[in-house]
Amino acid sequence: MNNNRPITTIQVVIVIVSTIIGIGILSIPRNMSETGGSGAPLVSASGIPLAFLGCWFTAAVCRKFPNETLFIFSRRLLGTGLADMFSVLISLFFAFSAGITMRQFGEVCITVVFKKTPIEAVILLMLILAALSIRRNTIKFTYVHVFYLPFILVSVIGIVLVSLKSVDALNLLPITGNHLTFSSFSKGMLTSAALYQGTFVLTLMVPIMKNPHQVLKAGAAALLIIGFVYVMIIIITVGMFGAQETKLLTYPTLETARSISIGGGLLERFDALFIIVWVVSIFTTIFTNYYVATYSVQQVMRIKDHRLLSSFSLPLIFSFSLIPRDIYQVHTIASITGVIGLILLTFYPLLLWLMALIRHKGEPAHE
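Residues numbered from 1 in each chain as written. Predicted model: local features only at pLDDT ≥ 70, side-chain atom pairs only at ≥ 80, totals over all residues. Heavy atoms only, no water.

Undergrad: Whenever I open this one, the packing of aromatic side chains confuses me. Can you help?
TA: Two measures describe an aromatic ring pair: the distance that separates the ring centres and the angle between the ring planes. The final tally for this structure, using the stated rule, is 18 aromatic pairs. Between Phe147 and Tyr148, the ring centres sit 5.1 Å apart and the planes meet at 80°, which makes this aromatic pair edge-to-face. Note on Phe147: relative accessible area 51%, which makes it exposed. Here Tyr148 falls in the partly exposed class, since its relative accessible area comes to 26%. One aromatic cluster is present, built from ring pairs that chain together Phe71, Phe141, Phe147, Tyr148, Phe151, Phe283, Phe287, Tyr291 and Tyr295. (Phe/Tyr/Trp six-rings, centres within 6.5 Å; stacked < 30°, edge-to-face > 60°. Buried < 20%, exposed > 50% of the residue type's maximum accessible area, 1.4 Å probe, protein only.)

Here you go:
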């Protein structure tokens, strides 16, 4: 263990969990019900092994170069030109993903909370907050996630536990779903796996980890925690409303929070608590996407400080958020973006890992 490095394995797990739990938590029960019916929890869980594949390739190649980020050592494996081209692609992907996430955030806010506020104002305020927050180094970036995650996890798990008493087990049968085809199962698995692409943040964490050879354990632990949270949310939502009704709800997780109470109605309005927690989780997701987008451009341009780049990136991300015409196009573009990200962030680490093996570069892998 290197005591000169400040970030522990647990803190890396926290960063990944805090990054991934975000916008998808509102709609994942509906998406999984559309493809799996009552088998929605099974379909959602099937996406975890697929997501782990990209995480494994990322962790495997990063462990070979424990003192550098992926954006640096990729130049020795692929050549400067090709490596920088992939870095720009990754930057554009995370910038676009941040923009679409911002748009989804804005759509929910003007529908549920700020009904008379222009969506552009809602998006811009959150974006400015994120832009100011990313003007820090990777260590402080980690501490921000460490601070916020307990609020997210404790609240979400609390809502899940309170909701369990309202679940009707018959709504979850059969657990393999009615008329579940290979095509719909595959579509659901891809949709589920696309939610976990935030594991790519590992590439920034390895050079500052006390024990970088535990990066795979950190990624696997984070995926299991997030998978458990998502599957439990789907179980309580489908268990309360049934698969057919869940398909009709725009934000089924929010409806679940609205439906629960404690003490015979003494404590109600859990949806208000959920919205607060959800805003925090959206911030941490955008925070990471924005940070990775800016950091990768910084590496391509070979400059020391990314603070100026964070300001220049803001109009671009804001423009991306305004591309969809309506909420339906937002959902379509978000789904396509998720699948593209799943392919890019799985294929690129795989390519680097193969090149490291073929060219005998990096340290031998060991725990």
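Undergrad: Help me out: how do you make sense of the packing of helix 12 (residues 252-259) against helix 13 (residues 270-301) in this one?
TA: Any two packed helices are characterised by the angle at which their axes cross and by the distance between the axes. Their axes nearest at 6 Å, the elements helix 12 and helix 13 cross at an angle of 140°. The pairing of helix 12 with helix 13 is recorded here as oblique in orientation. On helix 13, the residues that touch Thr253, Leu254, Ala257 and Arg258 of helix 12 are Phe270, Asp271, Phe274 and Ile275. Its residues placed into classes, the contact of helix 12 with helix 13 shows five nonpolar, one polar and two charged. (Axes fitted to C-alpha atoms, helices over the stretch in contact; angles between N-to-C directions. Helix = DSSP H or I, 4+ residues; strand = E, 2+ residues; numbered from the N terminus. Parallel < 35°, antiparallel > 145°, perpendicular 65-115°, else oblique. Contact = heavy atoms within 4.5 Å. Nonpolar A, V, L, I, M, F, W, Y, C, P; charged D, E, K, R; others polar.)

Undergrad: What is the right way to look at the pattern of salt bridges in this model?
TA: One side chain can pair with another of opposite charge once the charged atoms of both are near each other. Tallied over the full model, the rule gives six salt bridges. As a salt-bridge pair, Glu68 and Arg76 come within 3.0 Å of each other at their nearest N and O atoms. Judged by its relative accessible area of 39%, Arg76 falls in the partly exposed class. Its salt-bridge partner being Asp84, residue Arg302 comes within 2.6 Å of it at the nearest N-O pair. With Arg302 in the loop between helix 13 and helix 14 (307-321) and Asp84 in helix 5 (residues 80-112), this residue pair connects regions lying 218 residues apart in the sequence. On the basis of relative accessibility, which here comes to 45%, the residue Arg302 falls in the partly exposed class. (Salt bridge = Lys/Arg side-chain N within 4 Å of Asp/Glu carboxyl O.)

Undergrad: Can you help me understand the environment of Leu26 in this one?
TA: One can find Leu26 in helix 2 (residues 24-36). Spatially, the C-alpha atoms of Leu26 and Ile275 are 9.9 Å apart, while their sequence positions differ by 249 residues. If we ignore the near neighbours within four places in the chain, the residues touching Leu26 are Val108, Tyr251, Pro252, Thr253, Leu254, Phe274 and Trp278.

Undergrad: Got a minute to help me understand the side chain of Ser87 in this structure?
TA: With respect to the helices and strands, the residue Ser87 is situated in helix 5. On the basis of relative accessible area, Ser87 is assigned to the buried category, the value being 1%. Ignoring anything within four residues of it in the chain, the contact list for Ser87 reads Phe71, Ser296 and Val300.

Undergrad: Explain the environment of Ala95 here, please?
TA: With respect to the helices, strands and loops of the structure, Ala95 is situated in helix 5. For Ala95 and Ile275, which are 180 residues apart along the polypeptide, the C-alpha to C-alpha distance reads 24 Å. When residues no more than four places from it in sequence are discounted, the contact partners of Ala95 are Ala293, Ile317 and Phe320.

Undergrad: I keep staring at the state of the cysteines and nothing clicks. Help me out?
TA: Each disulfide is one covalent bond, formed between the sulfur atoms of two cysteines. Summed over the entire model, instances satisfying the criterion amount to zero disulfides. Sulfur of Cys55: no disulfide; nearest cysteine sulfur belongs to Cys62 and is 9.8 Å away. (Disulfide = S-S within 2.5 Å.)

Undergrad: What am I meant to see in the layout of surface pockets here?
TA: One simple way to see leftover space: roll a probe sized like a water molecule over the atoms. Put simply, the largest pocket is a space of about 660 Å³. Taken together, 32 residues line the largest pocket, and the ones lying closest to its centre are Ile23, Gly24, Gln104, Leu195 and Ala334. Where the lining of the largest pocket is concerned, the elements lending two or more residues are helix 1 (9-20), helix 2, helix 5, helix 8 (182-194), helix 13 and helix 15 (327-358). Here the residues of the lining of the largest pocket sort into 15 nonpolar, 16 polar and one charged. Arg30, Asn31, Glu34, Thr35, Lys187, Leu190, Thr191, Ser335 and Val339 are the residues that line the second largest pocket. Going through the elements one at a time, helix 2, helix 8 and helix 15 are the ones with two or more residues in the lining of the second largest pocket. Split by residue class, the lining of the second largest pocket holds two nonpolar, four polar and three charged. (1 Å grid on protein atoms, 1.4 Å probe; cavity = no way out; pocket = protein on both sides within 12 Å on 5 of 7 lines; lining within 4 Å. Points joined across faces, edges and corners; volume = space filled by probe spheres on them.)

Undergrad: I keep staring at empty space enclosed by the protein and nothing clicks. Help me out?
TA: Throughout the structure, instances matching the rule amount to two cavities of 30 Å³ or more. Along the walls of the largest cavity sit 13 residues, with Gly54, Gln197, Thr199, Leu345 and Thr346 positioned nearest its centre. Elements that contribute at least two residues to the lining of the largest cavity include exactly helix 3 (40-64) and helix 15. Grouping the amino acids of the lining of the largest cavity by side-chain chemistry returns seven nonpolar, six polar and no charged. If you add up the space inside the second largest cavity, you get close to 40 Å³. Every residue lining the second largest cavity is listed: Val156, Ile159, Val160, Ile233, Ile236, Thr253 and Phe274. Elements represented by at least two residues in the lining of the second largest cavity include exactly helix 7 (138-163) and helix 10 (215-241). Element by element, the count of residues in the lining of the second largest cavity is highest for helix 7, at three residues. Considering only residue class, the lining of the second largest cavity consists of six nonpolar, one polar and no charged.

Undergrad: Explain the nonpolar core to me, please; I cannot follow it from the model alone.
TA: One recurring pattern in soluble globular proteins is that nonpolar side chains are buried together. Membership of the largest hydrophobic core comes to 117 residues, with the highest contact counts inside it found for Ile90 and Trp278. By residue number, the principal contributor to this core is helix 10, which donates 15 residues. In this structure, Ile90 is in contact with Phe71, Phe200, Val292, Leu344, Leu345 and Tyr348, ignoring residues within four places of it in sequence. (Core = buried A, V, L, I, M, F, W, Y, C linked by side-chain atoms within 4.5 Å.)

Read these as spatial facts, not as claims about activity.
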